[in-house]
Amino acid sequence: MTQDLIRQLFPARSPEAPDALTDADLLALYSAADRSVPRVRANFINSIDGSATAGGLSGRLGAPADKRVFDLQRQVCDVVLVGAGTVRAEGYGAMRLAPDAAAWRVANGFAEHPTFAIVSASLNLDPASGVFAQAPVRPIVLTVASAGASRRRALSEVADVIDCGETWVEPAQLLAALTARGLLQVHCEGGPSLLGSLVAVDVLDELSLTISPALEGGAGPRIVSSVGGTIDLQPMLLDHVLLAGSMLLTKYSRSAPR
Ligand SMILES: NC(=O)c1ccc[n+]([C@@H]2O[C@H](COP(=O)([O-])OP(=O)(O)OC[C@H]3O[C@@H](n4cnc5c(N)ncnc54)[C@H](OP(=O)(O)O)[C@@H]3O)[C@@H](O)[C@H]2O)c1
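Numbering of residues begins from 1 in every chain and follows the order in which that chain's sequence is written. Local features in this predicted model are restricted to residues whose pLDDT is 70 or higher, and side-chain atom pairs enter the listing and the counts only when it is 80 or higher, whereas totals over whole chains, interfaces and linings include all residues. The side-chain quantities take in all heavy atoms of the structure and omit both hydrogens and water.

**Student:** So, the nonpolar core: which residues are in play, and what are the values?
**Tutor:** In this description, a nonpolar core means a group of buried Ala, Val, Leu, Ile, Met, Phe, Trp, Tyr and Cys residues linked to one another through side-chain atoms lying within 4.5 Å. Exposed residues in this analysis have more than 50% of their type's maximum accessible area, buried residues have under 20%, and partly exposed residues fall in between, with area computed by a 1.4 Å probe over protein chains only. Residues Leu 81, Leu 142 and Leu 174 are the most contacted members of the largest nonpolar core, which totals 47 residues. Contacts are assigned to residue pairs with any non-hydrogen atoms lying within 4.5 Å of each other. Not counting residues within four places of it along the chain, the set of residues in contact with Leu 81 comprises Ala 117, Val 119, Leu 142, Leu 174, Val 186, His 187, Cys 188, Glu 189, Gly 190 and Leu 194. Residues Leu 21, Leu 26, Ala 54 and Met 247 belong to the second largest nonpolar core, which totals 18 residues.

Spelled out as structure tokens, the structure:
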């Protein structure tokens, strides 16, 4: 079996269905049932022993199949939400999708490219970087009222800078700001601190978690870093399990409405 051949283990497909999932099959598995209902999804990967990084980054945990699903999830959202720590660590560029993905989006009623929204209290982001300079859609920076004035001025030249709290970005204010812009399908690519903020106030609707078939063994972070608040154990429902080689791609949804 090749590494990027993806099969569906659960729920079982009909015996007549081909083994390998097509991009159309995967898009159906990751699309919202009703795009007019706001939804917050996160996509993460960790090792068998629960580390969200290997050598300080998530990239070495990944494989072509996981990258394929990562890209397809971008294709079915309105906004890609990422914490500034991940933008800095992973060297993010502009949020520009491949031409076929952009064409698919237009044909299916989405904007050509998703909006890139970055969460940062410090505003330690380079306005000259590709994230902003090459963006096909003006990015959004979700920050705090206490952020420094000169960094705010510089970033305001290249992005919409929105306050969503005094010293910490409050997820409720963040989501209200995105909803006000018609960005209802939120796709969060990390990192652990941002996911911790979302989980702490119980606004995560869906989690796509890939289990990379490797042991990391070190002191890497979990996919959720606690940022102070904590919720009671939140049960989630298993939507599907996919298999690519020895890699498992799972998706869970919240079991009770927000
Ligand atoms: N395994 C995976 O799927 C995965 C996914 C993504 C990232 N990662 C890894 O995670 C590591 C980064 O971890 P991280 O926890 O630092 O990532 P992060 O959550 O992306 O970044 C943390 C930073 O984001 C900003 N931030 C997040 N939540 C905030 C809030 N509620 N209010 C204000 N600012 C907020 C702050 O930025 P400022 O410092 O600018 O104020 C904070 O320092 C990297 O090694 C990356 O490779 C792994």
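**Student:** An account of the pattern of salt bridges is needed here, citing residue identities and associated values.
**Tutor:** Throughout this description, the term salt bridge denotes a Lys or Arg side-chain nitrogen within 4 Å of a carboxyl oxygen of Asp or Glu. Per the stated rule, a full pass over the model turns up 13 salt bridges. Salt-bridge contacts for Arg 258 lead to Asp 205; the nearest nitrogen and oxygen are separated by 2.6 Å. Of this pair, Arg 258 sits in the segment after strand 10 (247-254) while Asp 205 is found in the loop between helix 8 (192-200) and strand 8 (206-212), placing the two residues 53 residues apart along the sequence. A relative accessible area of 6% means that Asp 205 is categorised as buried. Ionic pairing is found between Lys 251 and Glu 206, a salt bridge with its closest N-O pair at 3.5 Å. Separated by 45 residues along the polypeptide, Lys 251 in strand 10 and Glu 206 in strand 8 bring together distant segments of the chain. For the pair formed by Lys 251 and Glu 206, the shared burial category is buried. Within this structure, Arg 39, Arg 41, Glu 206, Asp 239 and Lys 251 form a network of salt bridges that share partners. Counting from the N terminus, the helices are the DSSP runs of H or I reaching at least four residues and the strands are the DSSP runs of E reaching at least two.

**Student:** An account of the site of the ligand is requested, with residue identities and associated values reported.
**Tutor:** Taken together, 27 residues form the shell around the ligand, and within it Gly 56, Thr 86, Glu 90, Ser 120 and Ser 193 come nearest. Identification of polar contacts relies on pairs of N or O atoms within 3.5 Å, with a donor-acceptor requirement for protein atoms, meaning one able to donate a hydrogen and the other able to accept it, and with residues adjacent in sequence counted only if both atoms are side-chain atoms. With respect to the ligand, the backbone of Gly 83 contributes an N or O atom lying 3.2 Å from an oxygen atom. Computed by Shrake-Rupley with a 1.4 Å probe, the accessible areas treat only the displayed protein chains as cover when residues are assessed. Look at the ligand: alone it shows 910 Å² of surface, and the protein chains cover 86% of it. Only protein atoms enter the 1 Å grid, on which a cavity is a set of points fitting a 1.4 Å probe that cannot get out and a pocket is an open set with protein on both sides within 12 Å along at least 5 of 7 lines, lining residues being those with an atom within 4 Å of a point. More than half of a molecule's atoms lying within 2 Å of a cavity's or pocket's grid points is what places that molecule inside it. Of all the cavities here, the one that holds the ligand is the largest pocket. Definition of nearness: a residue and a molecule or strand are near each other if at least one heavy atom of the residue lies within 4 Å of the molecule or strand.

**Student:** Could you give me a rundown of the packing of aromatic side chains, with the residues and numbers involved?
**Tutor:** Centres within 6.5 Å are what make two rings of Phe, Tyr or Trp a pair, Trp counting through its six-membered ring; a difference in plane orientation under 30 degrees is then read as stacked, over 60 as edge-to-face, and the rest as tilted. Inspection of every chain in the model, using the stated rule, returns two aromatic pairs. Taking the centre distance of 6.1 Å and the plane angle of 25° together, the rings of Trp 104 and Phe 110 count as stacked. The exposure class assigned to Phe 110 is buried, which follows from its relative accessible area of 8%. Directly above the ring of Phe 110 sits Arg 35, whose terminal nitrogen or CZ lies 3.6 Å from the centroid. Whether a charge lies above a ring is judged from NZ of Lys or CZ of Arg, which has to be within 6 Å of the ring centre and within 35 degrees of the ring normal.

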